[in-house]
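# Survey of secondary and tertiary structure
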Amino acid sequence: MQGAFRRNAVPWLIVAPFAFVLAFPFYWMVITSFKKTTELYRLDRAPFWWHDGLTLANITDLFQHTQYPRWLFNTTLIAVVVVIITLVLSLPAGYALARLSGRWGQSLGVGIFLTYLIPPTLLFLPLSRVIADLGLHDRLASLMLVYPSFTVPFSTWLLMGFFKTIPRELEEAALVDGASRIKALTRIVFPVSLPGILTVVIFTFSLVFNEFIYAITFISSASNRTVSAGVPTDLIRGDLVLWGSIMAATLIPSSPLTLLYNAFLNRFIAGFTGGAFR
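Here's what I pulled together on the structure shown here. (Residues numbered from 1 in each chain as written. Predicted model: local features only at pLDDT ≥ 70, side-chain atom pairs only at ≥ 80, totals over all residues. Heavy atoms only, no water.)

## Concerning the overall build of the chain
Where we set the bar: Each helix corresponds to a stretch of at least 4 residues labelled H or I by DSSP, and each strand to a stretch of at least 2 residues labelled E; elements are numbered beginning at the N terminus. The classification of residues rests on relative accessible area computed with a 1.4 Å probe and restricted to protein chains. Under 20% of the type maximum is buried, over 50% is exposed, and intermediate values are partly exposed. A 1.4 Å probe and the Shrake-Rupley method give the accessible areas. Residues count as covered only by the protein chains that appear here.
Counting its regular elements, the chain contains 15 helices and two strands. Going through the 278 residues of the chain one by one, you find that 39% of them count as buried. Carbon and sulfur atoms provide 70% of the accessible area of the chain, an area that totals close to 15800 Å².

Below, the structure written as structure tokens:
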């Protein structure tokens, strides 16, 4: 009995601190989002709960007196376009590299992944010149063009490892039955690769919603900003920091992303570890 208790208690003792650290930011965002502004600045009140009741004023102010709805729309539109571009480019590239025999496939895959590791702080200067020459400054198209430059390399490398775990015999059987190479990909390979594809979609959405450097560099007008750039620039007004609205602004997009991660957690892990043991 004691041995079973220890086996169950030890994992909980290890996991509990990590769960607390990871869940606390969401708890803090919820508390602050629905807390009255007067209570936020009272030092005699414990900051971990509501003492003067809940309020929707922070969320109402966010949607009625700021351009936050526009920022949400811009970010979602950019994310959808970037996801489509990433899948269109990385799916065939990952498949081709996975099926390329010899060392060339692995070497090219690693080389493509290394481009993802270049920090954005080094790339935004030459990319800003490209955006200026194309006349895309202060346009959403600039971010739609730039973001795939680092979503495609990572997604290609990720899908390459996942495609390697799919037996060639499945495709060969489809080809023997009369299917073309394209039909074998769309009917056999891609459905089996759904965990890897979902991983790419979740990763791309998260990156677009979190990216700040390119969003603040290439977009100057408030109406064209994304959430990551609009919240710190427009909700901090001199020495007045709208903490309630800021927390609500971060809670709204992070909640569906969190639910998306949890809903597809098993497939997300399978996508990341698909080629780990190949």
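## Overview of the nonpolar core
Across soluble globular proteins, you tend to see nonpolar side chains buried next to one another. As a reminder of what qualifies: Among buried residues, those of type Ala, Val, Leu, Ile, Met, Phe, Trp, Tyr and Cys that are joined through side-chain atoms within 4.5 Å constitute a nonpolar core. Any two residues whose heavy atoms approach within 4.5 Å at even a single point are treated as in contact.
Ranked by size, the top nonpolar core spans 39 residues in total, and within it I78, L87, L143, Y147, F163, F205 and Y214 carry the most contacts. Contributing elements (two or more residues each) for this core: α4 (68–99), α7 (140–146), α8 (148–164), α10 (181–192), α11 (194–210) and α12 (213–218). Broken down by element, the residue count for this core peaks at nine residues, all from α4. When near neighbours in sequence (up to four residues on either side) are disregarded, Y147 contacts I78, V82, V208, E211, Y214 and A215. L62, W71, V227 and I246 belong to the second-largest nonpolar core, a separate cluster that totals eleven residues.

## A closer look at the environment of W243
Position of W243 relative to the elements: it lies in helix α14 (residues 243–263). Placed 206 residues apart in sequence, W243 and T37 show a C-alpha to C-alpha distance of 8.1 Å. Setting aside anything within four residues of it in sequence, one finds W243 in contact with T32, L40 and Y41.

## Quick look at the side chain of N74
By the secondary structure assignment, N74 is in helix α4. Of the residues examined, N74 reaches a relative accessible area of 0% and is grouped as buried.

## Points about the pattern of salt bridges
The condition that has to hold: What counts as a salt bridge is simple: a side-chain nitrogen of Lys or Arg found within 4 Å of a carboxyl oxygen of Asp or Glu.
Scanning the model with the defined rule gives two salt bridges in all. Across the salt bridge formed by R129 and D133, the nearest N and O atoms sit 3.4 Å from each other. Of this pair, R129 and D133 both sit in helix α6 (residues 120–134), four residues apart, which is roughly one turn of that helix. Of the two residues, R129 and D133, both sit in the exposed class.

## Structural notes on unusual backbone geometry
You will see that D138, though not glycine, has its phi angle at about 60°, which is positive. Looking at D138, the relative accessible area reads 19%, which means it is buried.

## Concerning the packing of α4 against α8
Our working rule: The axes are straight lines fitted to the C-alpha atoms, using for helices just the contacting stretch, and the angles between their N-to-C directions are given from 0 to 180°. Orientation is classified from the angle alone, with under 35 degrees giving roughly parallel, over 145 giving roughly antiparallel, 65 to 115 giving roughly perpendicular, and any other angle giving oblique. Put simply, a crossing is left-handed when the front helix is turned counterclockwise from the back one by less than a right angle, and right-handed when it is turned clockwise. Only Asp, Glu, Lys and Arg are considered charged in this grouping, and only Ala, Val, Leu, Ile, Met, Phe, Trp, Tyr, Cys and Pro are considered nonpolar; every other residue, Gly among them, is considered polar.
Interhelical geometry of α4 versus α8 gives an angle of 40° and a closest axis separation of 7 Å. Relative to α8, the element α4 lies oblique. When the axes of α4 and α8 are compared, the crossing they make is right-handed. Within the contact between the two elements, α4 uses V82, I85, T86, L89, S90, L91, A93, G94, Y95, L97, A98 and R99 and α8 uses P148, T151, V152, S155, T156, L159, M160, F163 and K164. Considered class by class, the residues forming the contact of α4 with α8 number 13 nonpolar, six polar and two charged.

## Considering a nonpolar patch on the surface
Put simply, the rule reads: Here, patches come from residues exposed beyond 30% relative accessible area and free of salt bridges, joined within 9 Å for like charges and within 5 Å for nonpolar side chains (Val, Leu, Ile, Met, Phe, Trp, Tyr).
A cluster of nonpolar side chains, V10, I14, V15, F18 and L22, forms an exposed patch at the surface whose accessible area comes to about 520 Å². Position of V15 among the secondary structure elements: in helix α1 (residues 2–33). For V15, a relative accessible area of 46% gives the class partly exposed.

## Some thoughts on the packing of α10 against α11
Two elements in contact, α10 and α11, have axes whose closest approach is 5 Å; the angle formed by their N-to-C orientations is 65°. Considering the angle they form, α10 stands roughly perpendicular to α11. Packed against α10, whose contacting residues are F190, P191 and V192, the element α11 presents L194, P195 and I197 at the interface.

## Some words on the side chain of N224
For the record, the criterion: In protein, a polar contact requires one atom able to donate a hydrogen and another able to accept it; more generally it is a pair of N or O atoms within 3.5 Å, and residues adjacent in sequence count only if both atoms are side-chain atoms.
Here N224 shows up in the loop between α12 and α13 (227–234). Here the side chain of N224 touches D138 through a polar contact of 3.0 Å, landing on its backbone oxygen. For N224, the residues in contact, after removing those within four places along its chain, are R70, N74, D138, L140 and I219.

## Overview of the packing of aromatic side chains
To keep it simple, the criterion reads: Two rings from Phe, Tyr or Trp (for Trp, the six-membered ring) form a pair when their centres sit within 6.5 Å of each other. Planes less than 30 degrees apart are called stacked, planes more than 60 degrees apart edge-to-face, and all others tilted.
Evaluated as defined, the whole model comprises 13 aromatic pairs. Between F150 and Y214 the ring centres are 5.6 Å apart and the planes differ by 25°, which places this aromatic pair in the stacked class. In this pair, F150 is assigned in helix α8 and Y214 in helix α12, connecting sequence segments 64 residues apart. One exposure class covers both F150 and Y214, and it is buried. Between F154 and F203, the aromatic rings sit 4.4 Å apart at their centres with planes inclined by 35°, giving tilted as the arrangement. Within this pair, whereas F154 is found in helix α8, its partner F203 is found in helix α11, the two being separated by 49 residues in sequence. Members of the aromatic cluster, joined through ring pairs, are F20, F24, Y27 and W28.

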